[in-house]
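# Structural overview
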Amino acid sequence: AAIIASAFVREIKRRDFLANVKLIAASELFEALDAVSCAQIAAHLELKQVEPGTVLFRAGDPPDGLYFVSSGLIVLEPEGADEPELRLSRGAFFGERALLTRNLRRRTARALTPATVLMLDDEDFRRLAALVPAFRERVIHVAVDRGMDDQDVET
């Protein structure tokens, strides 16, 4: 029974890893990275199943990681009345600004539907950003495209 259980767990992990690679390969963040870099990053992603209404992080929280939407719908609630609500679905990612600036979160991230998200925690993000400079540069590029001032990036 132990051998069968061990093989089952190995197979589940392998399938999760392959699903992670497919997801990140489809994300704009990884379009310029090679397969080896994508696989390095995919190996560090943590799968989270969340129910509608689950808060992934709140405005004012310290940065804990970079999030990728695998399925479902996530909303980034506006900081102020003049900002739009952002709805994110499969392939989208969020949380990069706080990681890059080391500032507190500006928005609250909440699941609108049952969702699956993948998280690259802060420590792994920093380690992988150092190992794969193109990854770090791509995250900065996307964050600047989204309105972040590149002068705010912590070195």
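The coordinates are above.
Residues numbered from 1 in each chain as written. Predicted model: local features only at pLDDT ≥ 70, side-chain atom pairs only at ≥ 80, totals over all residues. Heavy atoms only, no water.

In this fold, Arg107 is placed in the loop between α3 (96-101) and β7 (108-111). Assessed through its relative accessible area of 13%, Arg107 is described here as buried. A sequence separation of 29 residues divides Arg107 from Pro78, and the C-alpha atoms of the two residues are 5.9 Å apart. A polar contact of 3.1 Å, which involves the side chain of Arg107, links it to the backbone oxygen of Leu76. Reaching out from Arg107, the side chain makes a polar contact with the backbone oxygen of Pro84 at a distance of 3.0 Å. (Helix = DSSP H or I, 4+ residues; strand = E, 2+ residues; numbered from the N terminus. Buried < 20%, exposed > 50% of the residue type's maximum accessible area, 1.4 Å probe, protein only. Polar contact = N/O pair within 3.5 Å; in protein donor to acceptor, adjacent residues only side chain to side chain.)

Whenever strands of a sheet pair, they do so through backbone hydrogen bonds, lying parallel or antiparallel. The sheet built from four strands is open, its strands ordered β2-β7-β4-β5 with antiparallel pairing. Where the open sheet ends on each side, the last strands, each with one partner, are β2 (55-57) and β5 (86-88). In this sheet, adjacent strand axes meet at a mean angle of 25° when their direction is disregarded. The pairing of strand β4 (residues 74-77) with β5 spans three bridges and is antiparallel. The residue bridging Val75 from the neighbouring strand is Arg87, located in β5. (Pairing = 2+ DSSP bridges. Axes fitted to C-alpha atoms, helices over the stretch in contact; angles between N-to-C directions.)

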